[in-house]
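Coordinate inspection notes
Listed here are the chains, written in short residue letters.
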2 protein chains.
Amino acid sequence: MLINDLPRYEILDEAAMAELDRGWRRIVSELGIDFLYDEALDLFRAAGQQVDGQVVKFDPDWILEQVAKAPAEFDLQARNPAHNVHIGGNHMVFSAVYGCPFVREGIERRDATYADFQNLVRLAQSFPQLDSPGGTICEPNDTPLDSRHLDMVYALLTLSDKPFMGSVTSGPNAADTIAMAEIVFGRESLEETPAIISLINVNSPLRYDDRMLAALFEYARAGQPTVITPFLLMGAMSPVSIPATLAQQVAEALAGIALVQTIRPGCPVVFGSFLSNTDMQSGSPSFGTPESAVGLFCTGQIARHFKLPFRGGGALTSSQVVDAQAGYESMMSLWPTFLAGTNFVMHAAGWLESALVSCYEKMVVDVEMLRMLHEVFKPLQVTEETLAFSAHQEVGQGGHFLGAAHTLERFRECFYRPLVSSTENYERWNRNGGNDTAARASEIWRKMLDEYVEPPMEEDLKVELKGYVDRRRKELGD
Amino acid sequence: MLINDLPRYEILDEAAMAELDRGWRRIVSELGIDFLYDEALDLFRAAGQQVDGQVVKFDPDWILEQVAKAPAEFDLQARNPAHNVHIGGNHMVFSAVYGCPFVREGIERRDATYADFQNLVRLAQSFPQLDSPGGTICEPNDTPLDSRHLDMVYALLTLSDKPFMGSVTSGPNAADTIAMAEIVFGRESLEETPAIISLINVNSPLRYDDRMLAALFEYARAGQPTVITPFLLMGAMSPVSIPATLAQQVAEALAGIALVQTIRPGCPVVFGSFLSNTDMQSGSPSFGTPESAVGLFCTGQIARHFKLPFRGGGALTSSQVVDAQAGYESMMSLWPTFLAGTNFVMHAAGWLESALVSCYEKMVVDVEMLRMLHEVFKPLQVTEETLAFSAHQEVGQGGHFLGAAHTLERFRECFYRPLVSSTENYERWNRNGGNDTAARASEIWRKMLDEYVEPPMEEDLKVELKGYVDRRRKELGD
């Protein structure tokens, strides 16, 4: 968890903010949003909103009244209290890639398996820059579909002791997640401080589907935070305009957040953003784009305006391999992630190929970038001591600082030390195999996996958790 | 040339700025700076500064009086007026990599030649994102050392019609550069609006050497701008502390700028920064580091404080090849370059391996990054039109924007279009050869070189220029 005390980068003036305000109000009130879930429609109707079939037209001020009930910041507990995080304010929490059906390991691209899921969770546990393994770190395609969520939550709870993300594939799956968390944390503790954060995607444009809403209801009732995220690839799910997309994002996110507050006032919730654009030549989604960078600056500013913690960014790329494009596109999305002060960062490490692939090497490369940016976004201490006039006196004109006493006292800690980057001169680099970044990253994750130690869990607890998984799997017929 | 109207990212508060102010004043007044050039010492002595051997101890307020004579912004003319640039204010000018002894072309790394020099100048001429080919775009090792500067200036003046950088290897070489520019621009025109910008490196710490000073004198007398650049790799040429290095940078740069203003008051000059750090494990220079990013934010803020245009940043990396590290380190230095609003950006494209290598493929990759960042740093227009409510009305809930009228009217121009990045799906990408970014970049620069057209120059002028080169080469005994 980074406390980012550097300035926020904001590019919208008051007139622009006012224009966007008019934009989302018009969308929710004149067009309305589909909610494909009767319980949601009943709640909105009871609250005096205009429900016509599945379309809900809102009074924007009613939405804002509900949104005001959401906390601006909240705590999320981990199995290991040292890994508890705080979401909101100047805090930035980083979680791993989420939702990929494939994995890449070196030059091999294949269907992701449960073994991959476990290994990637182990790696996320091992890197201190990742505050959470996230949830679906890859899709374990070799496990039965109906009970897969049980296997994933079991791995997340046993192989890691960091906060985790819950299943959202259905209401019952969300209920299973909560039940398993109750076994580990206890119902009271969970009620007092949430331990599960879950991703609710909007079926954009302007539609929430039944499965996501069923999961949202489960988590909201249990007081567990959800990340309400319009899924916006401009040109496909939203207009080919950043301002239009921002207005849509506000409309969709605030409507969902209002629903959460109607279900359980005061329930923690995160304003989510997943905003990029379509490549209009290929029709493919495009990540790490200039448009998504601009969108992220604006999203941060907007979320702060509504006093909500927000999610966005990550180390995103469309690249098929861990090459230069993967590096620069990921930085293209990580820089604005930090500049915007993003509170909850999904996909912070491991994302490749527009999120089709969870990549082992990319995870290492992304962690390097996170480490570098953690270093940048620390306030600079300008003091008599750091001015180090004595070092200038010591070395004088035309001298060299490498052997200076001032340097020797500090050389171990004075600068960032890379994880995978190389500064070796060409001859030495060549002698050492001439490995590019991806090849060096491969060595690193293998070593980390070798050195991984499972975080301790009481045996009784583990048996109980396993018993729950086995029982439910049987009930689900797998 | 980009006009960057987005906000500057500034991280120093008033107390920090005041501390840095104390820092540089103490260095120039108590330690002093070496000037290995009698004419400089004479001028300083005449101006009442304390000269002891080669060390000059300054009255900081006298330095500030001189610095105040330098213009905050100035024009630089190009052979083609459409390529004139403005240096200072919100303007950002980008020039190519500078000073590398080697080139890389695909997997081949070799001594750079004059043919490489010419080809790289042609490429810099071809990319609209590069405002200047710079100067020593690579070192033409196969030309005679004494007259090499003539060949370089000839290529810069004939193969490109953008502004260029002059020779600084000696006073006479600078005089040759000016004489050749006079042939092309005319003495009066050159006097009215400068056409040569040249890099004067400080021999840090706290020393200006005789060759650089001789060149500085030539350019200052001719009213041509120089970029006065402390050469600071922390741990080698400055203390292992960012604030100490910033104080040293101010001390060194302002002393040189004061000298320029003493030679010719009002002569345009640029506050230069080349600030990175040593990898304390290998002792190698390290580029695209967190420390250099922080240094760049501060440098921008400091230069604006002194009302001087400034140079910094670029697409820097220590990587040996065009891989993920090359991508993310270059972005690590390009993002702060833009955020700081850097007025003159050297090494904006083509830099590899800590500036030992000018790389063809890297130039293409860097131009892609420049294109993307040009797009980010444009103000966002939030208006009734860009809110595009009609598009939302048209598509409605659960629809798709790809076929919408609003999209069809705009799809060609609505988003950034990549130069080398790929969004192809995996199958298609594989079918097309499965080429990584570097391989695709290779195709692009070859095609651009094929399509290059030499910018027109009157034959008489070319002959006169060539005559000058031949005559001077003979005089120099090559």
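Within each chain, residues carry numbers counting from 1 in the order of the written sequence. Working convention: letters from A go to chains and numbers from 1 go to ligands, in the order in which they are written. Totals for whole chains, interfaces and linings use every residue, but because this is a predicted model, local features are given only for residues with pLDDT of at least 70 and side-chain atom pairs only at 80 or more, for both listing and counting. Hydrogens and water are ignored here; the side-chain numbers use all heavy atoms of the structure.

**As for the packing of helix H11 (residues 324-339) of chain A against helix H11 (residues 324-339) of chain B**
Each pair of packed helices can be described by the angle between their axes along with the distance between the axes. The angle between two axes is taken between their N-to-C directions and runs from 0 to 180 degrees, where each axis is a line fitted to C-alpha atoms and a helix contributes only its stretch in contact. By definition, any uninterrupted DSSP run of H or I lasting at least four residues is a helix, any uninterrupted run of E lasting at least two residues is a strand, and each is numbered from the N terminus. The contact between H11(A) and H11(B) brings their axes to 7 Å, and the two run at 35°. Both H11(A) and H11(B) take part in a crossing whose hand is right-handed. Contacts from A:Ala324, A:Gly327, A:Tyr328, A:Met331, A:Met332, A:Trp335, A:Pro336 and A:Leu339 of H11(A) reach H11(B) at B:Ala324, B:Gly327, B:Tyr328, B:Met331, B:Met332, B:Trp335, B:Pro336 and B:Leu339. The hand of a helix crossing depends on one turn: near helix anticlockwise from the far one by less than a right angle means left-handed, and clockwise means right-handed. What makes two residues a contact is simply this: any of their non-hydrogen atoms within 4.5 Å.

**Here we look at the packing of helix H9 (residues 242-263) of chain A against helix H10 (residues 290-305) of chain A**
Residues and elements named next belong to chain A. Across the interface, H9 lies against H10 with an axial gap of 11 Å and an inter-helix angle of 40°. In terms of orientation, H9 lies oblique with respect to H10. Between H9 and H10 lies a crossing of right-handed hand. Judged by residue contacts, Ile-242, Leu-246, Gln-249 and Val-250 of H9 engage Glu-291, Val-294, Gly-295, Cys-298, Thr-299 and Ile-302 from H10. Gly is placed with the polar residues, together with every amino acid not listed as nonpolar (Ala, Val, Leu, Ile, Met, Phe, Trp, Tyr, Cys and Pro) or charged (Asp, Glu, Lys and Arg). The residue inventory of the contact of H9 with H10, partitioned by class, reads 6 nonpolar, 3 polar and 1 charged. Should an angle lie under 35 degrees it is considered roughly parallel, over 145 roughly antiparallel, and from 65 to 115 roughly perpendicular; all remaining angles are considered oblique.

**Observations regarding helix H6 (residues 171-185) of chain A**
Residue and element names in this part refer to chain A. In a helix, the anticipated span is given by 1.5 Å times the number of residues less one. When the terminal C-alpha atoms of H6 are compared, their 21 Å separation across 15 residues agrees well with the 21 Å that a helix rising 1.5 Å per residue should span. Buried residues are those whose accessible area, probed at 1.4 Å on protein chains only, stays under 20% of the maximum for their type, while exposed residues exceed 50% and partly exposed ones sit between those limits. Buried within H6 we find Gly-171, Asn-173, Ala-174, Asp-176, Thr-177, Ile-178, Ala-179, Met-180, Ala-181, Ile-183, Val-184 and Phe-185. As for H6, its buried residues are in contact with helix H5 (148-158), strand E10 (164-165), helix H7 (187-192), strand E11 (196-202), helix H8 (210-221) and helix H18 (459-475).

**Thoughts on the side chain of A:Arg122**
All names here are of chain A. With respect to the helices and strands, the residue Arg-122 is situated in helix H4 (residues 114-126). Note that His is not counted, nor are the chain ends; the positive residues are Lys and Arg, and the negative ones are Asp and Glu. Salt-bridge detection follows one rule: a side-chain nitrogen of Lys or Arg within 4 Å of a carboxyl oxygen of Asp or Glu. Buried charged residue Arg-122 carries no salt bridge. Nearest counter-charge: Glu-454, at 5.3 Å. Within the structure, Arg-122 has its side chain in polar contact with the side chain of Asn-119 (distance 2.8 Å). Leave out the neighbours within four places in its chain, and Arg-122 touches Leu-159, Leu-449 and Tyr-452. Whenever a nitrogen or oxygen atom comes within 3.5 Å of another N or O atom, the pair is scored as a polar contact, on the condition that within protein one atom can donate a hydrogen and the other can accept it, and that pairs from neighbouring residues in sequence are kept only if both atoms are in side chains.

**Considering the pairing of strand E8 (residues 102-105) of chain B**
All names here are of chain B. Only strands that DSSP links by at least two bridges are regarded as paired with each other. Pairing between E8 and strand E9 (residues 108-111): 4 bridges, direction antiparallel. Residue pairing across strands places Phe-102 opposite Asp-111, the latter belonging to E9. From the end of E8 to the start of E9, which pair antiparallel, there are 2 residues, and Gly-106 there has a positive phi angle of about 60°. Note that E8 and strand E19 (residues 357-359) share 3 bridges and pair parallel. When the bridges of E19 are listed, Val-103 appears paired with Ser-358.

**Regarding the confidence of the model for chain A**
On a range of 0 to 100, pLDDT expresses the predictor's confidence in each residue. Residues at a pLDDT of 70 or more form 100% of chain A, whose mean pLDDT is 97. Scoring of the predicted complex yields 0.98 for pTM and 0.98 for ipTM.

**Comments concerning the interface of chain A and chain B**
Between chain A and chain B, the contact holds 119 residues from the first and 119 residues from the second. Put simply, buried area is how much 1.4 Å-probe accessible surface two parts lose in total, over both of them, once they are put together. Counting the surface lost from both chain A and chain B, the interface buries some 9,600 Å², and carbon and sulfur atoms represent 68% of this. Of all residues in chain A, the largest losses of buried area upon contact with chain B belong to A:Tyr328, A:Gln397 and A:Phe415, amounting jointly to 9% of the total for that side. Counting across the chain A and chain B interface gives 2 salt bridges. Across the pair A:Arg26 and B:Glu384 runs a salt bridge whose closest N-O atoms are separated by 3.1 Å.

**Details of the sheet that holds strand E2 (residues 33-35) of chain A**
Pairing between the strands of a sheet is mediated by backbone hydrogen bonds and can be parallel or antiparallel. All names here are of chain A. Here 4 strands make up an open sheet; going across it, the order is E3-E4-E2-E12 and the pairing mixed. This sheet does not close on itself; its edge strands, each paired only once, are strand E3 (50-52) and strand E12 (207-208). Strand direction decides the pairing type here: E3 and strand E4 (residues 55-57), joined by 3 bridges, are antiparallel. Paired with Gln-50 across the bridge in E4 is Lys-57. In this fold helix H1 (residues 14-31) packs onto E2 and E4, with an angle of close to 125° to the strand it touches most, E4.

**As for unusual backbone geometry**
All names here are of chain A. The step from Ser-204 to Pro-205 runs through a cis peptide bond, and the omega angle for that step is 5°. Residue position: Pro-205 is located in the loop between E11 and E12. Of note in the backbone geometry, Ala-355 takes a positive phi value of approximately 70° without being a glycine. Since its relative accessible area comes to 15%, Ala-355 is described here as buried.

**So, H11(B)**
In an α-helix, one turn spans 3.6 residues, which is why side chains three or four residues apart end up on the same side. All names here are of chain B. Taking 1.5 Å per residue as the helical rise, H11 with its 16 residues ought to reach 22 Å, and the 22 Å between its terminal C-alpha atoms agrees with that figure. Most of H11 is tucked away: 16 of the 16 residues are buried. Of the residues flanking the end of H11, it is Gly-341, one or two places downstream, whose phi is positive at about 65°.

**Thoughts on the environment of B:Tyr360**
All names here are of chain B. Within the secondary structure layout, Tyr-360 lies in helix H12 (residues 360-376). Expressed as a C-alpha distance, the spacing of Tyr-360 and Asp-116, which sit 244 residues apart in the sequence, is 9.3 Å. In this structure Tyr-360 touches Val-103, Arg-104, Glu-105, Arg-110, Asp-116, Asn-119, Leu-120, Leu-123 and Trp-445, once residues within four positions along its chain are discounted.

**Some points on the nonpolar core**
Here, nonpolar core means buried Ala, Val, Leu, Ile, Met, Phe, Trp, Tyr and Cys residues that are tied together by side-chain atoms lying within 4.5 Å of each other. Counting 351 residues, the largest nonpolar core has A:Phe35, A:Trp335, B:Phe35 and B:Trp335 as the members making the most contacts within it. Non-local contacts of A:Trp335, meaning those with residues more than four positions away in its chain, are made with A:Leu373, A:Val376, A:Phe377, B:Ala293, B:Phe297, B:Met331, B:Met332, B:Trp335, B:Pro336 and B:Leu339.

**What about the sheet that holds strand E1 (residues 2-3) of chain B?**
All names here are of chain B. The strand order across the open sheet built from 3 strands is E1-E7-E17, with neighbouring strands paired in mixed fashion. In the strand order of this sheet, the two ends are held by E1 and strand E17 (344-345), each with one partner. In this structure, E1 lies alongside strand E7 (residues 91-94), joined through 2 bridges in antiparallel fashion. Pairing of Leu-2 across the sheet is with Met-92, part of E7.

**What about the relation of the copies chain A and chain B?**
Fitting of the copies onto one another was done by least squares over C-alpha atoms, counting residues only where both copies have pLDDT of at least 70. Once chain A has been moved 0.0 Å along the axis and rotated by 180°, it coincides with chain B to within an RMSD of 0.0 Å. Viewed as a symmetry operation, the transformation between the two copies matches a two-fold axis. A symmetric contact is evident, with 100% of the interface residues of chain A recurring at the interface of chain B.

**Examining the packing of aromatic side chains**
A pair of Phe, Tyr and Trp rings is counted when the ring centres sit within 6.5 Å of each other, with Trp represented by its six-membered ring. The angle between the planes then sorts it: under 30 degrees is stacked, over 60 is edge-to-face, the rest tilted. Applying the stated criterion across every chain yields a total of 44 aromatic pairs over all chains. Ring pairing ties together the aromatic residues A:Tyr9, A:Phe94, A:Phe297, A:Trp335, A:Phe338, A:Phe377, B:Tyr9, B:Phe94, B:Phe297, B:Trp335, B:Phe338 and B:Phe377, which thus form one cluster. Our definition puts a charge over a ring when NZ of Lys or CZ of Arg is within 6 Å of the ring centre and also within 35 degrees of the ring normal. Just above the ring of A:Phe102 sits the side chain of A:Arg109; from NZ or CZ to the centre is 4.3 Å. A cation over a ring is seen here: A:Arg109 above B:Tyr426, with NZ or CZ 4.0 Å from the ring centre.

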